[in-house]
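Here is what each chain is made of, one letter per residue.
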Amino acid sequence: MSISVAILGSGPGGFYAADALLKSGVDCRIDIIERLPTPFGLIRGGVAPDNQTTKRVAKSFERTALKDEVRYFGNVEVGRDVSIDELRALYDAVVLAVGAPLDRPLGIPGEDKAGVFGSAAFVGWYNAHPDFRDLNPDLNTRAVAVIGNGNVAIDITRVLVKTRSEMMAADLADYAAEAIHDAPIADVYMFGRRGPVEAKFTNVELREMGRLEDCVSVVDPAQLPDAVTGDWSDRDRRLREKNLATLREFAAMTPDGKSKRAHFVFHAAPVEVLGGDKVEGLRLERTRVEGGRAVGTGEFFEVKCGLVIAAIGYTSEPIDGIAFDDKRGIVANSNGRVGDGVYAVGWVKRGPTGVIGTNKPDGQSVAADIRADFPQGKKPGREAFEKLLKEKGVRWVTYSEWQTIDLREIENAPPGAPRRKFTTIEEMLAALE
Ligand code: NAP
């Protein structure tokens, strides 16, 4: 009998696990269970709307979804529609690929003020994610503070300063395009608590900030060291030297009539969000790096801003019935093994780092574990799962129904754009009627 595998989550982690299982030669049937009607996780809801090339990986996930052994069950939420224990009873193996959807708190006074957002919420908002389409951030401000020096901080800054024409070929939500392009935003500050050498931007993303139509990147040359010092591997040192060279180019740039500025500010750790009920500014402490860590110098400064976005990383959500590692914000696991036929891949296994391809080895590893643990299947899997969903009255979305939603979104695209996304689950389901 085939091994029945349920994969929870249809982002890169889930799809690479399915693909690796199929390629491993295991006789298995795989059901991919997704909370939203739409698949692909962060490819759809996290990757920046102007980064369509990266989104092309979804085509290879589609080939996996259409394999005979694979079924997609969208619009099924574990915890609401079905429990982990029910899935364990029905499937030989359950693979958690649910990512890290929650924002890590900043942990500073004032972060509960209106106008402070985490990157998961803010990116979800402009990417038309149903959970965040009603976020309604007030962008009526000249200055924005983005906290963090990773690629998400760059994505957010770029989306806020690009012109309408630069975003023509993007799938930015209409309401977000309207809010962003009508906003008086002129200065976006990216604050890194460590230095330019420690920044986590990748160079392609950083370089793009030097080629924007109406925004100049601003760097204080005094913040740039002459050379990369510290204990880095050769590869890391080369990457950091590239970033430093790019930042030096930025430091030498002139505004050339551009009306917006993206400020790279290093050695600045946020200590308090200022204002009344609403954000009016941010207080930061200057830092120096000691042994790789940011250490406060006791010197403080403030910037005025009406919006603060913390792009400082994510955490996973605890799942009922599964032990959680609170400190790391992931499910407790030993190299992907959670126990009792449950496995983890991707960000819920190892935390929110790495690019899309980093999920591939996770998939290979879980496929090898499942192959070793189950010489053959014993549990009923798909038919019993469908019966359970029917009994519970759950309206699941099949892969071919997602293809219909996809087609409608593409048909609805404004000129030049790849699609206009539906922004609510109701709209998605209505498109199927
Ligand atoms: P990230 O790369 O880990 O960056 C997080 C940033 O937040 C770091 O600069 C970190 O500083 C800072 N930070 C953390 N806690 C902080 C605090 N309490 N106060 C101030 N700063 C704090 O994470 P990310 O930007 O969320 O990206 C997640 C992953 O997705 C990364 O691997 C990223 O490369 C990837 N990604 C890739 C792309 C792309 O390839 N185009 C796009 C988006 C995301 P420290 O370094 O000092 O900890």
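These numbers were taken from a predicted model, which means no experiment stands behind them.

1. Some points on the overall build of the protein
Moving on, step 1. Scanning the protein for helices and strands turns up 15 helices and 19 strands.
Moving on, step 2. Over its C-alpha atoms the protein spans a radius of gyration of 23 Å, differing by no more than 12% from the 22 Å that the globule rule assigns to 433 residues.
Moving on, step 3. Its C-alpha atoms put the protein at 65 × 50 × 40 Å along the principal axes.
Moving on, step 4. The buried share of the protein, reckoned over its 433 residues, is 53%.
Moving on, step 5. Put simply, the protein shows about 19,500 Å² of open surface, and 49% of that area lies on carbon and sulfur atoms.
Moving on, step 6. Considering the protein, the positive charge centre built from 57 side chains and the negative charge centre built from 64 side chains are found 4 Å apart.

2. So, the side chain of E409
Moving on, step 1. Positionally, E409 belongs in helix α14 (residues 399-411).
Moving on, step 2. With residues up to four places along the chain from it excluded, the contact list for E409 reads R44, R419, R420, K421 and F422.

3. Overview of the domain arrangement of the protein
Moving on, step 1. Considered domain by domain, the protein is made up of domain 1 (3-101 + 316-430) and domain 2 (103-314).
Moving on, step 2. Computed from C-alpha atoms alone, the centre-to-centre distance between domain 1 and domain 2 is 31 Å.
Moving on, step 3. In this assembly, 27 residues from domain 1 lie in contact with 25 residues from domain 2.
Moving on, step 4. For the pair domain 1 and domain 2, the summed buried area comes to about 2,000 Å², and 51% of that belongs to carbon and sulfur atoms.
Moving on, step 5. Of all residues in domain 1, P49, D50 and T423 give up the largest surface area on contact with domain 2, accounting jointly for 31% of the area buried on that side.
Moving on, step 6. Taken together, domain 1 and domain 2 are joined by five salt bridges.
Moving on, step 7. At the boundary of domain 1 and domain 2, one finds 10 residue pairs in polar contact (both at pLDDT 80 or more).

4. Observations regarding the site of the ligand
Moving on, step 1. Around the ligand lies a shell of 22 residues, among which N149, R193, R194, E205 and G354 are the nearest.
Moving on, step 2. E205 has a polar side-chain atom sitting 2.9 Å from a nitrogen atom of the ligand.
Moving on, step 3. A total of 920 Å² of accessible area belongs to the ligand in isolation, and the protein chains cover 83% of it.
Moving on, step 4. Among the elements that line the shell around the ligand, the one with the most residues is helix α7 (residues 151-161), at three residues.
Moving on, step 5. Of the residues that constitute the shell around the ligand, the class distribution is nine nonpolar, seven polar and six charged.

5. Quick word on helix α10 (residues 234-251)
Moving on, step 1. Helix length check: α10 (18 residues) gives 26 Å between terminal C-alpha atoms against 26 Å at 1.5 Å per residue, within 8%.
Moving on, step 2. The set of residues buried in α10 consists of R240, N243, L244, T246, L247 and F250. Each buried residue of α10 lies within a common arc of 165° when the element is viewed along its axis, so the set occupies one face. Summarising the geometry of α10, the exposed residues directed more than 90 degrees from the buried face are D234, R235 and R238.
Moving on, step 3. Against α9 (203-208), β9 (215-219) and β10 (260-265) lie the buried residues of α10.

6. A few points about the sheet that holds strand β12 (residues 279-290)
Moving on, step 1. The three strands lie next to each other as β11-β12-β13, forming an open sheet whose pairing is antiparallel. On the outer flanks of this sheet lie β11 (268-275) and β13 (293-304), each paired with one strand and no other. Sheet twist, expressed as the mean angle between neighbouring strand axes with direction ignored, is 20°.

7. Points about the packing of helix α1 (residues 12-23) against helix α4 (residues 58-65)
Moving on, step 1. Orientation of α1 relative to α4, taken along the N-to-C sense of each, is 50°, at an axis distance of 10 Å. In terms of axis orientation, α1 runs oblique to α4. Seen from above, α1 lies across α4 with left-handed handedness. Counting all contacts with α1, which are made through P12, F15, Y16, A18, D19 and L22, the residues of α4 involved are F61, T64 and A65.

8. Examining the pattern of salt bridges
Moving on, step 1. What the rule picks out here adds up to 32 salt bridges.
Moving on, step 2. Between R29 and E383 there is a salt bridge; the shortest N-O distance is 2.8 Å. Of this pair, R29 sits in strand β2 (residues 28-33) while E383 sits in helix α13 (residues 382-392), and the two are 354 residues apart along the sequence.
Moving on, step 3. The partly exposed category is assigned to E383, whose relative accessible area is 48%.
Moving on, step 4. Two residues, E411 and R408, come together in a salt bridge whose shortest N-O distance is 3.4 Å. Of this pair, E411 and R408 are both found in helix α14, three residues apart, which corresponds to roughly one turn of the helix.
Moving on, step 5. Looking at E411, the relative accessible area reads 53%, which means it is exposed.
Moving on, step 6. R408 gets classed as partly exposed once you look at its relative accessible area, which sits at 31%.

9. Looking at the sheet that holds strand β1 (residues 3-8)
Moving on, step 1. Strand order across the open sheet formed by six strands is β3-β2-β1-β4-β19-β18, with mixed pairing between neighbours. Looking at strand neighbours, the two that pair on one side only are β3 (70-73) and β18 (337-339), the edges of this open sheet. Strand-to-strand, the axes of this sheet are offset by a mean angle of 20°, without reference to chain direction.
Moving on, step 2. Where β1 meets β2, six bridges bridge the pair, whose relative direction is parallel. Directly across from L8, in β2, lies its bridge partner I33.
Moving on, step 3. Contacting β1, β4 (93-96), β18 and β19 (342-344), helix α12 (residues 359-373) runs over the sheet at an angle of about 165° to β19.

Calculation criteria
Residues numbered from 1 in each chain as written. Predicted model: local features only at pLDDT ≥ 70, side-chain atom pairs only at ≥ 80, totals over all residues. Heavy atoms only, no water. Helix = DSSP H or I, 4+ residues; strand = E, 2+ residues; numbered from the N terminus. Rg over C-alpha atoms; globule rule 2.2 N^0.38 Å. Buried < 20%, exposed > 50% of the residue type's maximum accessible area, 1.4 Å probe, protein only. Areas by Shrake-Rupley, 256 points an atom, 1.4 Å probe, with all protein chains shown as cover. Lys, Arg positive; Asp, Glu negative; His and termini not counted. Charge placed at Lys NZ, Arg CZ, Asp CG, Glu CD. Contact = heavy atoms within 4.5 Å. Domains from an automatic or database assignment. Buried area = accessible area lost by both parts, 1.4 Å probe. Salt bridge = Lys/Arg side-chain N within 4 Å of Asp/Glu carboxyl O. Polar contact = N/O pair within 3.5 Å; in protein donor to acceptor, adjacent residues only side chain to side chain. Near = heavy atom within 4 Å. Nonpolar A, V, L, I, M, F, W, Y, C, P; charged D, E, K, R; others polar. Expected span 1.5 Å × (residues − 1). Arc of directions from axis to C-beta. Pairing = 2+ DSSP bridges. Axes fitted to C-alpha atoms, helices over the stretch in contact; angles between N-to-C directions. Parallel < 35°, antiparallel > 145°, perpendicular 65-115°, else oblique. Left-handed = near helix turned anticlockwise from the far one by under 90°.

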